[in-house]
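The primary structure of each chain is shown beneath.
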Amino acid sequence: MPLVRTHYPFSAIVGCDAAELDDLGLSLVLTGISPAIGGVLVRGEKGTAKSTAARALAALLPPVDVHPQDRFSTDPADPDDDSPDGPFEPGTPLESRPVRLVELPVGATEDRVLGSLHLEQALSHGKVAYEPGLLARAHRGILYADEVNLLPDHLVDLLLDAAATGRVTVERDGFSMEHAARFLLIGTMNPEEGELRPQLLDRFGLTVEVAAPRDPAARAEVVRRRMAYDADPAAFAARHRSAEQALAARVAAARARLSRVTLSDTALGKIAEICAAFDVDGLRADIVTARTAVAHAAWAGRTTVTRADIRRAARLALPHRRRRNPFDAPGLDEDLLDRILGDDELPPDPPTPPGSGGPDGQDGPQDDAPGDDPEAEEPGGPHQEDAARPPGRDEPHTSAGATPGTDGTADPSGDAAPLDTPAAPDGGKPGDTGPQAHGRTTTVQATAPYRPRLLTVRGTGEGTDGRRSRAIGTRGRRVGTARPGRDARGPLHLVETVRAASARTATDRAGGRLRLRPEDLRTAVREGREANLVLFCVDASGSMAARRRMVQVKTAVLSLLLDAYRRRDKVGLITFRGTAAELALPPTHSVDIAAARLDDLPAGGRTPLAEGLLEAARVVARERRRDPRLRPLLVVVTDGRATGGKDAVARSLHAADQVASLGVSTVVVDSESGPLRLGLAAHLAARLHADHLPVREVSAAALSTAVRERAA
C-alpha cells in the first residue's frame, strides 16, 4: 500500500494563524477564496517556508465533484466545461475528491506539461490516443511551480497561454485536442537566482516578499514546531487538526459570501485612483486589486468593501507591477497609499433613482459615477499625484555630463560629457590628476541602458535552452536524427523510429504488426539557442576614474547585463583595482544583484590587470567543473593598461596567455577614449585571441550606423 505523506499544516506555520494572517498566509487564502485573482508569487530567501505554505493550501480548499472516469476533472454542474472523455450520461454517479496540488518541476518537458501521444496504445494497438499532461491534471486545482524563475522559456510560454485563456490546445503527432485548464497558479522563487520575465510576473495576481524573522523568540518557535513535525508528522497534524478545520470552514464561508460583497462606485474609483497614482502598466492591476479587496471583505465577514480592504489589496497586488525593468526592486510607497485613501471611511453610493436601470455597483461604476469623468481634476486625484509619485529607477536618470538621445535613451557615446576629467573625490578639485589621485576613489552612476549588439560564444554548444549562442538541444529546428545514447537529449522521434523499423526485412514482421527493437529508436536532433555564463571582468582602477569614461563603461556593462537577463544567461562580476582582483558577484542568474554591485563600484588606484585575468581564469575553470555544458563568455572591460605590482606588463601578458589556453570565447571592451590613444586594449585582445570592441560600439545602434556607412 503506498504511503500517504502528511503535509505540514497551514495553521501551524508561524504567521498563518487564522486570527492574524501575515502577508504570505493572507495572499494564499484570498486567492483560494477568489481564484479569479490570478494566483500568488512568493519571493524570498531560501528557508522561509515558501514551498511549505504553498503545499499546505490545498487542504484548506473545499473538495470538488467529478466524474470517476473523467481524467480532466471537468465540473459536472457547468454545461460549458466539456471533457474530451465525455459525454457522460445524465445521472452518472459523481465522486467528491480533495483539490489536487500539481507540481511543475523545473526539468519538466513540453510533452509532460501539455500531454502527448500515448505510445503504448499507438505501438501495441495501432490506436491514436491522448495522454493528458500536468495542465489537464491541474484543472480546478492548484498548479505549483517551485523555482518558477528557473523555468525554461518555452514552459513559461505554455503557462502564459493557459493562464490567459483557461484552455489548452494540443496539435501534434497526428491528433488535435482542446480542454479546459483553469487552475490556481502559485509560484515560489529566490530572487538571488534570477528574476521572472515581465510577462509572467504580471500574470500573477498577488506578490509577497518573505524573509526569515529577526526576533529570536519567533525563530525559536519556528524551529520548535518543525522539529516536532519531523519527529512525528501524524501526531503533529492531529494536534493542529481543529485549527485546520476552523480555517477551512472560514475559507468555505468566505467563498459563499463572496457573491454578496458589494464593491461601491466610490471604492472602485478609489482603486482606479491608486493604480493611476502609482503609474502601473495596463488595467490588470485595477482588476486584480478590486477582486482582492472583495475577497478580503468576504474573509473579514463583511458585505461591503472598506478602506482597509483596499489598502491590504493594494499592498499585495501593486508592488510587482511598478517595475519598469529587471533592475527595479518591487515595492510600494505606503505613505502615498495612505494619502490617497485618506483617513475617513468610504462613503456609500447615492441611491439609484427608480427606473434608471443602472448597475448595482457590483458590476462596475455608472457613467455618471463620481470620479469617473476623465476631465475632472479633484484634489488628490490622479492628475495631481505626479509631484507625490515615489522616485525609482523606472524614471530615467541622467548622470551629470551625459545627454539623453533624441529617442529618449542615453547616448552611448557620451560625447556631451566633459572631456576625460576625473570627478572630484573626497572634496578634491576637478582636474586633479596628480599622483595622489591614484589612491582616491570615485563612484558614478550609469545612464539609461541601451540595446547592445549580440555577443556570442564561438561554435555550437549543448547547454540549457536560452537565447544567445548556437546549440544542439531540445528546442529549435530539427537538423537530423540520432540513436539514443548517454548524451542524447532530444525527444523520441516517432516517424523516424517507425521508418527505421520498417526498413528491416519482412521476415521481422509477425501477424502484420511492426515489431520495434531497441536499435530502431531514433531521437530528434534540434539546433536552437543556449544560455551562457557571461563573466564580466571590469577595470576599476584610476585610469578609469575619468567621469565620462566610467559613465560609458558602466552604461555599457549595464546594457549587457540587461541583455543577459533577456537571454536567460548566468552572470558573474570581477573587478580589479589597487593591488588585487575581487569576485564581486559569483556566477548567478540574478542580474538585479549584478546591477546593484555595478552601481556601487568605485574607481581609483593602480591597475592589477594580471590579477583580474587570473581571477577570471579561476572562475571559468571552477564553473566548467560544476557544469561542463555551460559555456562561458568572458567580457573584459579595460583600457589595456597594467600598472599594479612588479613587472605588471609582463605578468599581464602571461595571464592573458593562460586565459587564452582555456579556449574561452572572449571580448575585450576597449574603454580608452580621447585624442591620444595607446591601443593597449587591442594588443591585449590579440594576446587573448579575443574580439576587440571599442566601448562606443557596444550599442547595436552604433553597429547599424557603421554597417550603413560601409555600405554607402
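Worth saying up front: this structure is predicted, and the values here are computed from it rather than measured.

Engineer: Looking at this model, I keep getting lost on the overall build of the chain. Mind explaining?
Structural biologist: Counting its secondary structure elements, the chain contains 21 helices and 22 strands. Taking the intrachain contacts of the chain between residues at least 6 apart in sequence as the baseline, contacts between residues at least 24 apart amount to 77%. Split by element, the accessible area of the chain, about 34,300 Å² in all, is 52% carbon and sulfur.

Engineer: I keep staring at the environment of Val-208 and nothing clicks. Help me out?
Structural biologist: Within the element layout of this structure, Val-208 appears in strand β13 (residues 206-210). In the structure, Val-208 is positioned 111 residues away from Pro-319 in sequence and 8.9 Å away in space, judged by C-alpha atoms. In this structure Val-208 touches Asp-23, Leu-24, Ser-27, Val-40, Leu-41, Val-42, Arg-43 and Leu-316, once residues within four positions along its chain are discounted.

Engineer: What exactly am I supposed to notice about the side chain of Asp-539 here?
Structural biologist: When you line up the elements, Asp-539 lands in strand β17 (residues 533-539). Buried charged residue Asp-539 carries no salt bridge. Nearest counter-charge: Arg-641, at 7.3 Å. Within the local environment of Asp-539, its side chain forms a polar contact with the side chain of Ser-541, the two groups lying 2.7 Å apart.

Engineer: Is there a simple way to think about the sheet that holds strand β12 (residues 184-189) in this case?
Structural biologist: Pairing between the strands of a sheet is mediated by backbone hydrogen bonds and can be parallel or antiparallel. What the five strands build is an open sheet, ordered β6-β9-β12-β3-β13; its pairing is parallel. The open sheet is flanked by β6 (101-103) and β13, the only strands paired with a single partner. Neighbouring strand axes in the sheet, compared pairwise and without regard to direction, differ in orientation by 20° on average. Pairing of strand β9 (residues 142-146) with β12 involves five bridges; the strand directions are parallel. Paired with Leu-143 across the bridge in β12 is Leu-185. The sheet strands contacting helix α1 (residues 23-33) are β3 (40-44), β12 and β13, and the helix crosses β13 at an angle near 160°.

Engineer: What am I meant to see in the environment of Ala-655 here?
Structural biologist: The topology assignment puts Ala-655 in helix α19 (residues 648-661). Considering only alpha carbons, one finds Ala-655 and Gly-612, 43 residues apart in sequence, at a separation of 8.8 Å. Not counting residues within four places of it along the chain, the set of residues in contact with Ala-655 comprises Ala-610, Leu-613 and Leu-614.

Engineer: What should I look at first to understand helix α13 (residues 307-317) in this one?
Structural biologist: Residues spaced three or four apart along an α-helix face the same direction, because each turn holds 3.6 residues. Buried residues of α13: Asp-309, Ile-310, Ala-313, Ala-314, Leu-316 and Ala-317, and no others. Along α13, the residues classed as buried sweep out an arc of 165° about the axis, all on the same side. Each element contacted by the buried residues of α13 is listed here: α1, β13, α11 (265-277), α12 (284-299) and α14 (334-341).

Engineer: Looking at this structure, I do not really get the pattern of salt bridges. What am I missing?
Structural biologist: Enumeration over the complete set of coordinates arrives at 28 salt bridges. One salt bridge connects Glu-273 with Lys-270, and the closest N-O pair in it is separated by 3.8 Å. In this pair, Glu-273 and Lys-270 are both assigned in helix α11, three residues apart and thus about one turn of the helix distant. Assessed through its relative accessible area of 16%, Glu-273 is described here as buried. The exposure class assigned to Lys-270 is buried, which follows from its relative accessible area of 17%. The salt bridge partner of Arg-641 is Asp-639, with a shortest N-O separation of 2.7 Å. Three or more residues are tied together by salt bridges with common partners; here these are Asp-23, Arg-311, Arg-312, Arg-315, Glu-334 and Asp-338.

Engineer: Any chance you could explain empty space enclosed by the protein here in plain terms?
Structural biologist: Here the structure, examined in full by the defined rule, presents three cavities of 30 Å³ or more. Leu-455, Arg-468, Val-534, Phe-536, Leu-560, Asp-563, Leu-633 and Val-635 are the residues that line the largest cavity. For the lining of the largest cavity, the elements supplying multiple residues, two or more each, are β17, α16 (547-566) and β20 (632-638).

Engineer: Explain the side chain of Ser-34 here, please?
Structural biologist: Mapped onto the elements of the fold, Ser-34 is located in the loop between α1 and β3. The exposure class assigned to Ser-34 is buried, which follows from its relative accessible area of 7%. Here Ser-34 is in contact with Leu-258 and Ala-295, once residues within four sequence places are set aside.

Engineer: Explain the nonpolar core here, please?
Structural biologist: Nonpolar side chains in soluble globular proteins tend to end up buried together. Counting 69 residues, the largest nonpolar core has Phe-10, Ile-33, Ile-274, Trp-299, Val-305 and Ile-310 as the members making the most contacts within it. Among the elements that take part in this core, α12 stands out by supplying nine residues, more than any other. Among all residues touching Trp-299, those that are not within four sequence positions of it are Ala-18, Leu-21, Leu-26, Val-29, Leu-30, Ile-33, Leu-247, Arg-250, Val-251 and Ala-254. Tyr-565, Ala-584, Leu-601 and Val-698 belong to the second largest nonpolar core, which has 38 residues in total.

Engineer: How should the environment of Asp-309 be read in this particular structure?
Structural biologist: Along the chain, the position of Asp-309 falls in helix α13. The spacing of Asp-309 and His-296 is 13 residues in sequence and 5.8 Å in space, taken between C-alpha atoms. In contact with Asp-309, other than residues within four places in its own chain, are Ala-293, His-296, Ala-297, Arg-302 and Thr-304.

Engineer: I would appreciate a short explanation of the packing of aromatic side chains in the present structure.
Structural biologist: Geometrically, a pair of aromatic rings is defined through the distance of the ring centres and the angle of the planes. Under the definition given, this model contains three aromatic pairs. Consider the rings of Tyr-8 and Tyr-229, whose centres lie 5.0 Å apart with planes at 65°: the pair is edge-to-face. Of the two residues, Tyr-8 is situated in the segment before β1 (16-17) and Tyr-229 in helix α8 (residues 216-231); the sequence distance between them amounts to 221 residues. Accessibility classification places Tyr-8 together with Tyr-229 in one group, the buried group. Considering the side-chain rings of Tyr-229 and Phe-236, the 5.8 Å spacing of their centres and the 75° angle between planes classify their relative orientation as edge-to-face. Pair check on accessibility: Tyr-229 and Phe-236 agree, each one buried. What links up through ring pairs into an aromatic cluster is the set Tyr-8, Tyr-229 and Phe-236. Positioned over the ring face of Trp-299 is Arg-250, at 3.7 Å from the centre of the ring.

Engineer: Could you clarify how one ought to interpret the confidence of the model for the chain in this entry?
Structural biologist: Detailed reading of the predicted coordinates is not advisable wherever pLDDT falls low. Of all residues in the chain, 78% have pLDDT values of 70 or greater, and the mean over the chain is 78. Taken as a whole, residues 357-438 scores under 50 in pLDDT and shows 115 contacts with residues more than four places along the chain or in a different chain.

Engineer: It is not clear to me how the sheet that holds strand β15 (residues 477-482) should be interpreted in this structure. Could you clarify?
Structural biologist: Ordered by their spatial adjacency, three strands build an open sheet running β14-β16-β15, and the pairing between neighbours is antiparallel. Since the sheet does not close on itself, it has two edges, and those belong to β14 (465-473) and β15, each with one partner. The average undirected angle you get between the axes of adjacent strands in this sheet is 35°. Bridge count for β14 against strand β16 (residues 523-530) is six bridges, and the pairing is antiparallel. Looking at β16, one finds that Asp-465 is bridged to Glu-530.

The rules behind each value
Residues numbered from 1 in each chain as written. Predicted model: local features only at pLDDT ≥ 70, side-chain atom pairs only at ≥ 80, totals over all residues. Heavy atoms only, no water. Helix = DSSP H or I, 4+ residues; strand = E, 2+ residues; numbered from the N terminus. Contact = heavy atoms within 4.5 Å. Areas by Shrake-Rupley, 256 points an atom, 1.4 Å probe, with all protein chains shown as cover. Buried < 20%, exposed > 50% of the residue type's maximum accessible area, 1.4 Å probe, protein only. Lys, Arg positive; Asp, Glu negative; His and termini not counted. Salt bridge = Lys/Arg side-chain N within 4 Å of Asp/Glu carboxyl O. Polar contact = N/O pair within 3.5 Å; in protein donor to acceptor, adjacent residues only side chain to side chain. Pairing = 2+ DSSP bridges. Axes fitted to C-alpha atoms, helices over the stretch in contact; angles between N-to-C directions. Arc of directions from axis to C-beta. 1 Å grid on protein atoms, 1.4 Å probe; cavity = no way out; pocket = protein on both sides within 12 Å on 5 of 7 lines; lining within 4 Å. Points joined across faces, edges and corners; volume = space filled by probe spheres on them. Core = buried A, V, L, I, M, F, W, Y, C linked by side-chain atoms within 4.5 Å. Phe/Tyr/Trp six-rings, centres within 6.5 Å; stacked < 30°, edge-to-face > 60°. Lys NZ or Arg CZ within 6 Å of the ring centre and 35° of its normal. pLDDT = per-residue confidence, 0-100.

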